[in-house]
Amino acid sequence: MLGQSDPAVSNGKKAKRRWAELAPSWLALGMNFPTLICFVLILAYPIFFAGYLSFHDVGVRELRSGEYSFSGFANYITLFSDPVFWKSLKNTVLFVIISVSLEVVIGLAVALVINEHRIKLSKLTKFLILVPWAVPPIVNGFLWAFIFNTQFGYLNRLLYQMGFIEEQVIWLGNPSTAFMAIVIAYVWRTVPFNILLYHAALQGIPDQLYEAAELDRATAWEKFRYITLPLLRPIIAVTLILRTTFAFMIFDEIFAITQGGPGNDTWVAAWYTYKTSFNPPFDIGVGAASAYVLALIVGVVAIAYVRYVYTKVEY
Amino acid sequence: MANVSVEKLKKNYGTMEVIHGIDIDIQDGEFVALVGPSGCGKSTLLRMIAGLEDVTAGTVSIDGEVINDIAPRDRDIAMVFQSYALYPHMTVAQNMGFALKLAKTAPDEIDTRIRVAAATLNLTDYLERFPRELSGGQRQRVAMGRAIVRSPKVFLFDEPLSNLDAKLRVRMRTEIKSLHQRLGATSIYVTHDQIEAMTMADRIVVMRGGYIEQIGSPLELYDAPNNEFVATFIGSPSINLLEGRIEKDAFRLTDGSTLPLPDGLDDLDTRAAKYGIRPEHFEIVETGGVATVKIDVVEPTGNETILSGTIGGQEVQITQRERLNLKPGQEVSVTLRLDAIHLFDANTGQRI
Amino acid sequence: MNKVTWRYRIFMNLANVLVICFLLLPLVPVVLGAFQSERTLHGDVWALLPAEYTLDNFRLILSGGENKGEIFQGIDYLPNSVTWFRNAFMNSMIVATSVTVLTLTLATLTALTITRLNLSWTSYLMNATVISRMVPLIVLMLPLFVVMRNIGLLNTLPGIIMAEVGLLLPYAIIILVPYFQAFPKELEESARLDGCSRFGSYVRIVVPLSTPALAACGVIIFIISWHELLIPLIIASKPEFMTLPVVLAGLVSDQFVFFTVMMAICLIGLAPTLLLVLLLQKYLVKGLTAGAVKG
Ligand SMILES: Nc1ncnc2c1ncn2[C@@H]1O[C@H](COP(=O)(O)OP(=O)(O)OP(=O)(O)O)[C@@H](O)[C@H]1O
Ligand SMILES: [Mg+2]
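Residues numbered from 1 in each chain as written. Chains lettered and ligands numbered in written order. Predicted model: local features only at pLDDT ≥ 70, side-chain atom pairs only at ≥ 80, totals over all residues.

Caption draft 1: Spatial organisation of the interface of chain C and chain B. Across the boundary between the two partners, chain C contributes 14 residues, which contact 18 residues of chain B. Contributions of two or more residues to the side of chain C that touches chain B are made by α9 (185-193) and α10 (198-209) of chain C. In terms of residue count, the dominant contributor to the side of chain C that touches chain B is α9 of chain C (six residues). Partitioning the side of chain C that touches chain B into residue classes produces seven nonpolar, three polar and four charged. (Contact = placed C-beta atoms within 7 Å. Helix = DSSP H or I, 4+ residues; strand = E, 2+ residues; numbered from the N terminus. Nonpolar A, V, L, I, M, F, W, Y, C, P; charged D, E, K, R; others polar.)

Here it is as structure tokens:
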């Protein structure tokens, strides 16, 4: 009964046109055409163009006329002889080191806490982990600016109510506290990402390992030191590199909290580029040069990342 | 209804050639099994026939028409995968009807065909279920059903039963065979399991390392293997191969003892060779034996007894229909069925 | 595992409470700020909880400055952000939605080629993708500004959308690739034998079965786009085209006068993504994890 298929259908089959399949390379080209255009137009071309701009004299007048005169290394010379640039760079590096370390440490600690599935409260904590990440960076900035505000800020209120201070502390008017305010704001918003990754990695560690260690009479600390930490090493490396590249680009919180102040004490690299290019005297050439220097630094870290994640670590 | 043939077919992955120019001619309605060790290119060959892999050189044709460049969807071939590859987001009925729907078959026609196929495969009660709600054996049947509703020209199977447990595998084996007898469609069946190949196939293609070692009916391969590889591959427990030399009138084992040679071969040159004899071609005798077997292990399976032991220091396995009361360490005298002896060249492995 | 001692239980519960405080406490001032008047805020600079609550801040913002309620009666100067708020919210919605749809479409196409077609150059495409993701936005800003200016997309929503799609595309591809990689090849092949073209098998089988991945990726892209400040800040200088973060950024100069209004705007600005995050938490976690570590 199955063998005798309807003759009409078999005829239909015969009549059907038969095609050679589109060669995979053409299909791939077709499917990637929009992506390639995007990559070229929005990534590749601008990168080269930024390089081009950094070797030209570009200001408001040149932008209008569309003619940029070649200026050799002049922009780079201006840049490297600008003490504010060096200060911004130093601040950036300091910021990256402090905030990334905090992200790793806090991330690990919280991941360990929420990984404890025998405590019911951990479920709620896990559910809330992404809350800070949901806050738009600029909102985050204002939020902390409000907290750290001298006159009505909630930090001063809280410390006063707890009896730690008698009069209002000027958090954002002091270079070191202003800097720390930015670090805290930034770390608060970005640490959930680390927590998630560590948590995922922790869940990948089989319980038997801990049970075996238990039989060997390992203390909690020893279990962490000799089982958890070594097994988390790859993911910690990943987050170190990834978060470093992102921390180098810190902008929104600076914009909202200090605007680089007091004075220029919290200027960072991205802020330097923004200020030089989009504020009078609109020195876009120098701005491009500073962006390029930043990109170079990030590029080195990025290459490390690509090599590490896409060659060594296999999950 | 179709015959399939491949000619001088080659396949390269990058610079590595994994199939080295093979020829197979499959008749209309034939059931052909492809067997061979892992990595020998069975799946690759099957996938080239299906159009899922490019052909590097040579041709694949159906009914004399070269189909190298025709898209898989236009080849009218159905394939049953090892993992079944059922669409998880479709019910059993939708899975079976998918191809017909794509071919713009009328809905009621699709419906009848699904019902007929489901009835054949005992799936009628499961048509509205999703694949994840089925047992392994049922999924396997859905995969079969999906292939048969299309009534394609050719069926391809890539180890369709290897995910099932032993019992189910035997049952499905019979079901597939009877299905083939009813449908009479050309089928190519890849398997690891030589028993499957032996029991189901009209012809078996033995492959190794991208070459074809032998093509023939199951019994041809069993009775007249072309070479040592085919001889060992077919049959379970596998053939005994004893190392030694062919001398004037006897086969001299490495320890100096001799075994008789078949008649009519007396004029062979002296040379190193292997003496092949299948386990069931020994007979245990009280007197007049031609060799002595020292028994090491006795394994009664119920319908037969498998004896493992040594002849002249080389391991052999012997199967006996009778229930024997033998003890490990005992020595028994045996005769051999001389017409069932295969001699292979020690260097080339070819049959002498 | 073995049984939990009560001491450990107390310690872990305390730790959890601490973490929850860390996550939520910084949001409390926003809420408190948004529901009180400027006068209350200035009234007692030491009080933790405001003396009285009001909804006037929200009335003002949501009416675009029309409805001054009680507390803004006599005030003539209002920050621009208040009048531009509604329009900016709409713009943000349009931008984030378009960016999500476009990015998801392009990223799916590319991730499919990278994972499903074995071509030599697709691996370069993947490397290019990973590296592109690391390019500091600030480097692209200047040339993008100049390019957009030249092609007349400065001060347009399409300009913002285009720039964001370009920048988010690599990330989306990175998130999707591991999902598609794990997708069994046989399903697609089976579909091809059943009568689909290669592309058809993607559309009919691979994509429908990847909806969780696509959802995860989509939400992430939406959120990042909703958060993006620098791109619209540079491309849109006219109020009609500003997105929410840009309008918020305009508050910088007003923050000493209108803290409570600002907090109300902030609260509305973070509400959509906060909701998304809480509702779709499960998908997000998978997507974010997949995007950082190869699948
Ligand atoms: N995509 C590929 N790229 C490179 N080499 C491949 C690829 N697919 C298969 N091969 C190689 O081709 C050879 C044949 O593989 P094939 O899958 O056909 O073997 P098989 O006989 O089906 O094995 P098995 O019984 O294990 O399924 C193997 O050596 C394999 O390593
Ligand atoms: Mg195979």
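Caption draft 2: Geometry of the domain arrangement of chain B. Residue and element names in this part refer to chain B. Annotation of chain B at the domain level lists domain 1 (4-233) and domain 2 (240-345). The gap between the C-alpha centroids of domain 1 and domain 2 is 39 Å. In this complex, domain 1 contributes five residues to the contact, which on the side of domain 2 involves five residues. (Domains from an automatic or database assignment.)

Caption draft 3: Representation of the packing of helix α2 (residues 24-54) of chain A against helix α5 (residues 80-116) of chain C within the structure. Where α2 of chain A contacts α5 of chain C, the two axes come as close as 9 Å, and the packing angle between them is 130°. Considering the angle they form, α2 of chain A stands oblique to α5 of chain C. Between α2 of chain A and α5 of chain C lies a crossing whose hand is left-handed. Note on element contacts: α5 of chain C touches α2 of chain A through Leu-106, Leu-109, Thr-110, Leu-112 and Thr-113 of chain C, opposite Ala-28, Met-31, Asn-32, Pro-34, Thr-35 and Cys-38 of chain A. For the contact of α2 of chain A with α5 of chain C, the per-class residue count stands at seven nonpolar, four polar and no charged. (Axes fitted to C-alpha atoms, helices over the stretch in contact; angles between N-to-C directions. Parallel < 35°, antiparallel > 145°, perpendicular 65-115°, else oblique. Left-handed = near helix turned anticlockwise from the far one by under 90°.)

Caption draft 4: Quick peek at the interface of chain A and chain C. Each partner contributes to the interface: chain A provides 93 residues, whereas chain C provides 86 residues. Examining the composition of the side of chain A that touches chain C, we find that 18 residues originate from one element, α2 of chain A, more than from any other. Partitioned by chemical class, the residues of the side of chain A that touches chain C number 73 nonpolar, twelve polar and eight charged.

Caption draft 5: Main features of helix α11 (residues 207-215) of chain A. Within α11 of chain A, only zero of the nine residues are buried, which leaves the element largely exposed. The first or second residue beyond α11 of chain A is Arg-217 of chain A, which carries a positive phi of 65°. (Buried ≥ 20, exposed ≤ 12 C-beta atoms within 10 Å, placed from the backbone.)

Caption draft 6: Quick look at the sheet that holds strand β11 (residues 240-246) of chain B. Residues and elements named next belong to chain B. Taken together, five strands build an open sheet; the order of strands is β13-β12-β11-β14-β20 and the sheet is antiparallel. A strand with exactly one partner marks an edge of an open sheet, and here the two such strands are β13 (258-260) and β20 (342-345). The average undirected angle you get between the axes of adjacent strands in this sheet is 40°. One ladder, built from three bridges, connects strand β12 (residues 250-253) with β13; its direction is antiparallel. Counted as the bridge partner of Ala-250 is Pro-260 from β13. (Pairing = 2+ DSSP bridges.)

Caption draft 7: Quick peek at the environment of Ala-103 of chain B. In this fold, Ala-103 of chain B is placed in the loop between α2 (92-102) and α3 (107-120). It is 9.7 Å that separates the C-alpha atoms of Ala-103 of chain B and Arg-150 of chain B, two residues lying 47 residues apart in sequence.

Caption draft 8: Layout of the confidence of the model for chain A. Residue and element names in this part refer to chain A. Here chain A shows a mean pLDDT of 83. Residues at 70 or above account for 91%. Mean pLDDT values for the elements of chain A range from 42 in helix α1 (residues 7-15) up to 93 in helix α7 (residues 131-134). Segment residues 1-15 is flagged for pLDDT under 50; beyond a separation of four residues in sequence, or across chains, it makes 15 contacts in the model. (pLDDT = per-residue confidence, 0-100.)

Caption draft 9: Inspection of the confidence of the model for chain B at higher detail. All names here are of chain B. On average, residues of chain B carry a pLDDT of 90, and 99% of them reach 70 or more. Across chain B, strand β3 (residues 31-35) holds the top mean pLDDT of 95, while β13 sits lowest at 87. Among the prediction metrics, the complex's ipTM stands at 0.88, with pTM recorded as 0.85.

Caption draft 10: Region of interest: the nonpolar core. Counting residues in each nonpolar core, the largest one holds 289 residues, and the members touching the most others are Phe-142 of chain A, Leu-34 of chain B together with Ala-172, Leu-176, Cys-217 and Cys-266 of chain C. Considering every element that reaches this core, the biggest residue donor is helix α8 (residues 157-182) of chain C, with 17 residues. Two domains each put at least three residues into this core: domain 1 (4-233) and domain 2 (240-345) of chain B. In this structure Cys-266 of chain C touches Val-139, Phe-142 and Leu-143 of chain A together with Val-30 and Leu-248 of chain C, once residues within four positions along its chain are discounted. (Core = buried A, V, L, I, M, F, W, Y, C linked by C-beta atoms within 7 Å.)

Caption draft 11: The site of ligand 1, seen in detail. Inspection of the region around ligand 1 gives Tyr-13, Val-18, Gly-36, Ser-38, Gly-39, Cys-40, Gly-41, Lys-42, Ser-43, Thr-44 and His-192 of chain B as its neighbouring residues. Its residues assigned to classes, the shell around ligand 1 shows three nonpolar, seven polar and one charged. (Near = placed C-beta within 6 Å.)

Caption draft 12: View of the sheet that holds strand β7 (residues 154-158) of chain B. Residues and elements named next belong to chain B. Strands sit in the order β6-β7-β8-β3-β9-β10 across an open sheet of six strands; the sheet is mixed. Strand pairing shows two members of the sheet lacking a second neighbour, β6 (77-80) and β10 (211-216), which therefore form its edges. Adjacent strand axes in the sheet meet at a mean angle of 15°, parallel and antiparallel pairs treated alike. Strand direction decides the pairing type here: β6 and β7, joined by four bridges, are parallel. Pairing of Val-80 across the sheet is with Phe-157, part of β7.

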